[in-house]
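Here is what each chain is made of, one letter per residue.
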Amino acid sequence: MPGRKAAGRAGSRLLGTQRRTLWFWVFVGPFAAGLALFTYVPLAWSVYLSFFDAHNTVNPTDFVGLDNYVTMLGDDAFLSSLGTFGLFTAFIVPATYVLSLALALMVNRLRFAQAFFRSVFFLPTACSYVVAALVWKLSIFNGVRFGLANTVLGWFGAEQTAWLSTTDPPWYWLVIVTVRLWLQAGFYMILFLAGLQRISPRLYEAAAVDGARPGWQTFRHITFPQLRATSVAVVLLLVINAFQAFDEFYNLLSDARGYPPYARPPLVYLYYTALGQEQNLGLGSAGAVILALIIAVATVVQARWFGLGRREE
């Protein structure tokens, strides 16, 4: 009898382990399969296509080695698109960082309706980039006297401005940057709010005892240093998201005549390379791999520079 009971307990433990493994794969398996099928397989196939002459086909046979990469790196239009990304990053990263941090500080100091304002500022994050771009293009900066921006300028006697087609000065940057700011500032505000709420009130109490004045002095010496980890994460995410800019550029600047020759970020250029008239999937894939490597290198360099993951003293 004791032997049977021991065997029964061992069997139940084994069966319990098997059940946990089974349920793990029941819940995780579909997501893992979807991730592999719709993410990793296309990525691997894109790398494969980058070594072939793939015009109008995803099953090429003409191996060209690194020729597609050499062509892309020598293409002035592709290099110009990387320059567009650099300019866009120079605008959007500091602007979003400052705005989202300011919103977080403001909301964190509220003593009433904090949840309401947090929700109001976060709501644009749920809006589609395509919808927001069309609202900016057709209602706010549509370039005619009925647009909101031109209506406001008309109140002060200023002339109408064709915001998206004026290149000297390049007013289209104002449209692109403001729509991205409106869409993403609320998300990063939530990240900063989480960082602010982790700061111990005792630090501020000790600073007050030592004679620190509330406001800029407290922010500079206590709040901002305590937000270092959050700031690093926000900057990394902002740079990566800037590399992936496509929807707002394409929907704001393209029309029935196509996309203008200016303000082409890498993804817009690769879209026309791979799916345009030539449908050169080999060149498009090579450009996508180069872009992915640039994103990876930039992320690693920033992480090393900011000391991400380094144990604090």
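Residues numbered from 1 in each chain as written. Predicted model: local features only at pLDDT ≥ 70, side-chain atom pairs only at ≥ 80, totals over all residues. Heavy atoms only, no water.

Looking at this structure, I do not really get the pattern of salt bridges. What am I missing?
Two side chains of opposite charge can pair, provided their charged atoms sit close to one another. Tallied over the full model, the rule gives one salt bridge. For R180, the salt bridge identified is with E248, shortest N-O distance 2.6 Å. Highlighted residues: R180 in helix α7 (residues 172–197) and E248 in helix α11 (residues 247–253), separated in sequence by 68 residues. With respect to class, R180 is no different from E248; both count as buried. (Salt bridge = Lys/Arg side-chain N within 4 Å of Asp/Glu carboxyl O. Helix = DSSP H or I, 4+ residues; strand = E, 2+ residues; numbered from the N terminus. Buried < 20%, exposed > 50% of the residue type's maximum accessible area, 1.4 Å probe, protein only.)

Is there a simple way to explain the packing of helix α12 (residues 266–275) against helix α13 (residues 281–306) in this structure?
Helix-helix packing is described using two parameters, namely the angle between the two axes and the distance between the axes. As a packed pair, α12 and α13 sit with axes 8 Å apart at the nearest point and diverge in direction by 160°. With respect to their mutual orientation, α12 and α13 come out roughly antiparallel. The two elements α12 and α13 meet at a crossing, and its hand is left-handed. For the pair α12 and α13, contact is made by P266, L267, L270, T273 and A274 and by L281, L283, G284, G287, A288 and L291, respectively. Residue classes in the contact of α12 with α13 are distributed as eight nonpolar, three polar and no charged. (Axes fitted to C-alpha atoms, helices over the stretch in contact; angles between N-to-C directions. Parallel < 35°, antiparallel > 145°, perpendicular 65-115°, else oblique. Left-handed = near helix turned anticlockwise from the far one by under 90°. Contact = heavy atoms within 4.5 Å. Nonpolar A, V, L, I, M, F, W, Y, C, P; charged D, E, K, R; others polar.)

Would you explain the nonpolar core in this entry?
Soluble, globular proteins show a tendency: their nonpolar side chains are buried together. Among the nonpolar cores identified, the biggest contains 60 residues, and M72, F88, Y172, I176, F249, L252 and L253 are the most heavily contacted of them. The biggest single contributor to this core is α7, with 14 residues. Leave out the neighbours within four places in its chain, and Y172 touches W163, L164, T166, T167, L253, Y262 and A263. (Core = buried A, V, L, I, M, F, W, Y, C linked by side-chain atoms within 4.5 Å.)

Would you explain the packing of aromatic side chains in this entry?
Describing an aromatic ring pair means giving the distance of the ring centres and the angle of the ring planes. In total, this model carries 26 aromatic pairs according to the counting rule given. Measuring from centroid to centroid gives 5.2 Å for F24 and W25, while their planes differ by 80°, and the two rings are edge-to-face. On the accessibility criterion, F24 (44% relative accessible area) is partly exposed. Aromatic pair F88 and W173: ring centres 6.4 Å apart, planes at 20°, arrangement stacked. Taken together, the residues span a long stretch of sequence, with F88 in helix α3 (residues 76–109) and W173 in helix α7 at a distance of 85 residues. For W173, a relative accessible area of 8% corresponds to the buried category. (Phe/Tyr/Trp six-rings, centres within 6.5 Å; stacked < 30°, edge-to-face > 60°.)

What's the story with the packing of α3 against α7 in this structure? I'm lost.
In contact at an axis separation of 6 Å, α3 and α7 are set at 45° when each is read in the N-to-C sense. Regarding the angle of α3 to α7, the classification is oblique. For the crossing formed where α3 meets α7, the hand is right-handed. A class-by-class count of the residues in the contact of α3 with α7 yields 22 nonpolar, six polar and one charged.

Mind showing me how you'd approach the environment of F306 here?
Looking at the element boundaries, F306 is found in helix α13. Along the backbone, F306 and S231 are 75 residues apart, and their C-alpha atoms lie at a distance of 9.5 Å.

Help me out: how do you make sense of the side chain of T96 in this one?
Structurally, the position occupied by T96 is in helix α3. T96 has contacts with L181, Q184, A185, Y188 and L238, leaving out every residue within four places of it along the chain.

So what exactly am I meant to see when it comes to the confidence of the model for the protein here?
Interpretation of the predicted coordinates at a detailed level should be avoided for regions scoring low in pLDDT. On average, the protein scores 83 in pLDDT, and the residues at 70 or more come to 91%. No element of the protein has a lower mean pLDDT than helix α1 (residues 2–49), at 74, and none a higher one than α7, at 92. (pLDDT = per-residue confidence, 0-100.)

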